[in-house]
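Here's the letter readout for the chains.
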Amino acid sequence: MHEFNFKNNELYCENIKVAAIAQTVPTPFYLYSYKTLVDHYKKIRSAFRVLDPLICFSVKSNSNIAVLRALVRNGAGLDIVSGGELYRGILAGCDPRKIVYAGVGKRPDEIEYAIKTGILFFNVESEEELNQIQRAANSLGKKVNVAIRVNPDVVPKTHRHIITGKGETKFGLDFETVHKIFNSQWRYPSVDIKGLHLHIGSQILDAKPFVEAIKKALLFIIEFKIPATYLNIGGGLGIMYSIENPQTAKAFAQKVIPMIKKSGLKLILEPGRFVSGNSGVLVTKVVYTKRTPRKKFVIVDSGMSDLIRPSLYEAYHKIVPVKLREDSSDTAEKVDVVGPICESGDFLGKDRLLPLVMKGDILAVMGAGAYGFTMASNYNSRPRASEVMVMDKKFYVVRKAETYEDLVRGETIPKELK
Ligand code: LLP
């Protein structure tokens, strides 16, 4: 469930018409529903309530500080993957003791920054990284908590680019190496190895691969008497973009809770898409339409630089006009919704049955709250879109659109060329 619904042929976000926002805020813009964000976060929290887990929202899915603030205010921690995300998390007011830090390539300066900030733990992905953390902790005179990310070698059914728990991927370490690390805790006097971290992939629709991965981790802990106090099971819960039928948070929790309860471990979850995915849409305007002998194109003012998921993963995002015309179903036809960028891969939707749309009409690209703005670029020197948050009947621009000056900020011409 989300708060983007049609009433009398008009798309509303919570209690405000999307078209009304588009009259004030120039397109394209990302539009987020505060209520949907918080509701989805609470869905996971209540599904796992008996275990009182730490729920660390995955900042990479949506890093706007107003979005982070909304969740942090409701008790969420954060899952980060860079110094930049840590900076955002702190700005949003997150207690550093609720922040966990994953990623295979944490730089020494990022490690130092996170230690100084006092995060809960690092999810360590290699022995060299662990050595680096040991060195940094030692020189700062601190004791630092870590969990070791294990690659459980399970294969979830999802797009090949977003599988992370398969043996061949760069993520985590195999069980044998993890065992070796736990047995050599003495090498890391400034580090406390507190547990295991798993994250097997994203947009996973059923619980099976999660259960398989968790089982492997728990068996490993029991068999080798691993002194773990935490199990972080990562994110990855799939959502509905079109006809998917994802597990609910409750059904997922029912499968996971008994296993974790028995183990006595403290649970951490890192949902991203589940919380933010259906909490946002991309609002865009039709610039032109054109018909060629083979196709009809609807050309809009946003493209792969704003939302790269269709181009990169052939991801499906539903596209709807924010106002439906009375006769719209009679005039529906198949169109390609494409952006202004000079690549044929620049599309938001292909062969979509859309009601008649004309130059100047406003469209909403649904399910764009996760990995939308955060993956946007300035390709073709296009300023990045603004971000807007709706709270009931009000809306706030929570990030201004970039300007041409923003595009060249920091660039200089060598004196020889002046
Ligand atoms: N934890 C870790 C360590 C992760 O790497 C990720 C996502 C998450 C949690 C959150 O996963 P989620 O709950 O959102 O599935 N750009 C791709 C998705 C990449 C996911 C990367 N890692 C997309 O647009 O589909």
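Residues numbered from 1 in each chain as written. Predicted model: local features only at pLDDT ≥ 70, side-chain atom pairs only at ≥ 80, totals over all residues. Heavy atoms only, no water.

### Points about the pattern of salt bridges
Thought 1: Counting across every chain of the model gives 22 salt bridges.
Thought 2: The partner of R149 in a salt bridge is E125, and the shortest N-O contact between them spans 2.9 Å. Of this pair, R149 sits in strand β9 (residues 144-149) while E125 is found in the loop between β8 (121-124) and α6 (127-140), placing the two residues 24 residues apart along the sequence.
Thought 3: A relative accessible area of 5% means that R149 is categorised as buried.
Thought 4: Residue E125 is classed as buried on the basis of its relative accessible area of 3%.
Thought 5: Across the pair D361 and R325 runs a salt bridge, and its minimum N-O distance is 3.1 Å. With D361 in the loop between β17 (347-354) and β18 (362-365) and R325 in the loop between β15 (319-321) and β16 (333-338), this residue pair connects regions lying 36 residues apart in the sequence.
Thought 6: The structure contains a network of salt bridges with shared partners spanning E3, K35 and D39. (Salt bridge = Lys/Arg side-chain N within 4 Å of Asp/Glu carboxyl O. Helix = DSSP H or I, 4+ residues; strand = E, 2+ residues; numbered from the N terminus. Buried < 20%, exposed > 50% of the residue type's maximum accessible area, 1.4 Å probe, protein only.)

### Some thoughts on the domain arrangement of the protein
Thought 1: Along its sequence, the protein is organised into domain 1 (4-31 + 277-408) and domain 2 (34-273).
Thought 2: Across the domain 1/domain 2 interface, buried area totals approximately 1900 Å², and carbon plus sulfur atoms make up 54% of it.
Thought 3: The tally of links from domain 1 across to domain 2 stands at zero salt bridges.
Thought 4: Our enumeration of links across domain 1 and domain 2 arrives at 11 residue pairs in polar contact (both at pLDDT 80 or more).
Thought 5: Counting only elements with at least two residues in the side of domain 1 that touches domain 2, the list comes to α11 (309-313), β19 (386-391) and β20 (394-399).
Thought 6: The greatest single-element share of the side of domain 1 that touches domain 2, amounting to four residues, is contributed by β19.
Thought 7: Here the side of domain 1 that touches domain 2 is built from residues that sort into nine nonpolar, eight polar and five charged. (Domains from an automatic or database assignment. Buried area = accessible area lost by both parts, 1.4 Å probe. Polar contact = N/O pair within 3.5 Å; in protein donor to acceptor, adjacent residues only side chain to side chain. Nonpolar A, V, L, I, M, F, W, Y, C, P; charged D, E, K, R; others polar.)

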